[in-house]
Amino acid sequence: MKISANLLIGFVLGALLFSCSRQEQAPEPSTQEKVARGESNIEIRDIKPVILDLPQAVKTKLRGKVEDKVYIYFDSLNILVFIDEWDVKANIKLIAESFAEVTKYPEFEASARFWTIQIQPPYDQQRPEVMVFSTTPEQAKQYALSGDLKRLLISSSYMNLNDKILKPEERIALLK
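Keep in mind it's a predicted model, so treat the numbers as computed, not measured.

## Describing helix H4 (residues 88-102)
Between the first and last C-alpha of H4 there are 21 Å, a value that for 15 residues agrees with the 21 Å anticipated at 1.5 Å per step. For H4, a buried count of 11 out of 15 residues is recorded, marking the element as mostly surrounded by other parts of the structure. Among the residues making up H4, those that are buried are Val88, Asn91, Ile92, Leu94, Ile95, Ala96, Ser98, Phe99, Ala100, Glu101 and Val102. N-cap assignment for H4: the residue whose side-chain oxygen lies 3.2 Å from the backbone N of Lys89 is Asp87.

Okay, structure coming up:
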């Protein structure tokens, strides 16, 4: 009798564990759901960037190692610059001046709604510094006309310094 009680308890526990571990299968979508999915306006296509040559004047402003071509994905221009000297205030000015220089080339504004420049030390230096600064072409144009760096810092879309997103007042404090 003792063996059959242990066997019965083992069987009940096994059945309980099996029933708890079974995954429910999702019900088959109804005909209406299938039609709605098939008629959606989702467009599936390859992601192809707009590829532009980075003008020499922009490369000269950036004063670091930068690629000759830039790739624009999802309406966003991204430029990566490797720079040896790290000075936060100088880097902010360098990026702002580079944005102003980019405004002279209409193909960049026509292809991208957001411009981002990232500055960091070369990979072989293994230093943690990184600055990412994003703005719109319109904000860059305003800066090119006015030279008002504080206004650009306040109105810009995004600034990240060493993996910390900075609020506008924190951005301005970096200029002191």
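That covers the picture; the talk isn't over yet.
## Section: helix H6 (residues 137-146)
The set of residues buried in H6 consists of Pro137, Gln139, Ala140 and Tyr143. Seen end-on, H6 carries its buried residues on one side only, within an arc spanning 160°. Just downstream of H6 lies Gly147, where phi reads positive at about 70°.

## Notes on the pairing of strand S6 (residues 131-135)
Counting buried positions over the 5 residues of S6 gives 5, a clear majority of the element. Along S6, one buried face is formed by Met131, Phe133 and Thr135 and the opposite face, lined by Val132 and Ser134, is buried too. Relative to S6, strand S5 (residues 114-120) runs antiparallel, the two being bridged by 5 bridges. When the bridges of S6 are listed, Ile117 appears paired with Phe133. Sheet topology places S6 next to strand S7 (residues 158-161); 4 bridges connect them, and they run antiparallel. Bridging from a neighbouring strand, Val132 pairs with Asn160 of S7.

## Things to note about the side chain of Asn160
For Asn160, the location among the structural elements is in strand S7. The class of Asn160 is buried, set by a relative accessible area of 9%. Within the structure, the side chain of Asn160 is placed 2.9 Å from the side chain of Tyr158, a separation counted as a polar contact. Each residue touching Asn160, except ones within four places of it in the same chain, is listed here: Val130, Met131, Val132 and Ile165.

## Examining the confidence of the model for the chain
Averaged over the chain, the pLDDT score is 83; the fraction of residues at 70 or greater is 76%. Taken element by element, the predicted model of the chain shows its lowest mean pLDDT in helix H2 (residues 31-38) (51) and its highest in H6 (96).

## A look at the nonpolar core
Soluble, globular proteins show a tendency: their nonpolar side chains are buried together. Counting residues in each nonpolar core, the largest one holds 36 residues, and the members touching the most others are Leu62, Leu77, Ile79 and Ile92. Those residues in contact with Ile79 that sit more than four places away from it in its chain are Leu54, Leu62, Val66, Val70, Thr116, Ile117 and Gln118.

## Topic: the pairing of S5
Remark: a regular strand shows side chains that alternate across the two faces of the sheet. Within S5, 5 of the 7 residues are buried, leaving the element largely enclosed by the surrounding structure. Two elements, strand S4 (residues 76-82) and S5, share 7 bridges in a ladder whose sense is parallel. When the bridges of S5 are listed, Asn78 appears paired with Thr116.

## Examining the side chain of Gln120
The topology assignment puts Gln120 in strand S5. The class for Gln120 is buried, based on a relative accessible area of 10%. Of note is the side chain of Gln120, whose polar atom sits 2.5 Å from the side chain of Gln118. Beyond its immediate stretch of four places on either side in the chain, Gln120 contacts Leu80, Val81, Phe82, Ile83, Trp86, Glu129 and Val130.

Scoring rules and cut-offs
- Starting from 1, residues in each chain are numbered consecutively following that chain's sequence as written.
- Per-residue local features are limited, in this predicted model, to residues with pLDDT of at least 70; the limit for side-chain atom pairs, both in listing and counting, is 80 or more; totals at the level of whole chains, interfaces and linings are taken over all residues.
- The basis for every side-chain value is the complete set of heavy atoms in the structure, and neither hydrogens nor water enter the calculation.
- Secondary structure elements follow DSSP: runs of H or I no shorter than four residues count as helices, runs of E no shorter than two count as strands, and numbering proceeds from the N terminus.
- Expected helix span is given by 1.5 Å per residue-to-residue step, counting one fewer step than there are residues.
- Classification of residues uses two cut-offs on accessible area relative to the type maximum, computed with a 1.4 Å probe and protein chains only: under 20% is buried, over 50% is exposed, and between them is partly exposed.
- Nitrogen and oxygen atoms within 3.5 Å of one another constitute a polar contact, given that in protein one can donate a hydrogen and the other can accept it, and given that sequence-neighbouring residues count only through two side-chain atoms.
- This arc corresponds to the set of directions leading from the helix axis out to the C-beta atoms.
- The pairing criterion is simple: DSSP has to find at least two bridges between the two strands.
- We call two residues contacting when some pair of their heavy atoms lies within 4.5 Å.
- A residue's pLDDT is the predictor's confidence in that residue, given on a scale from 0 to 100.
- Residues enter a nonpolar core if they are buried and are Ala, Val, Leu, Ile, Met, Phe, Trp, Tyr or Cys, with the set joined through side-chain atoms within 4.5 Å.

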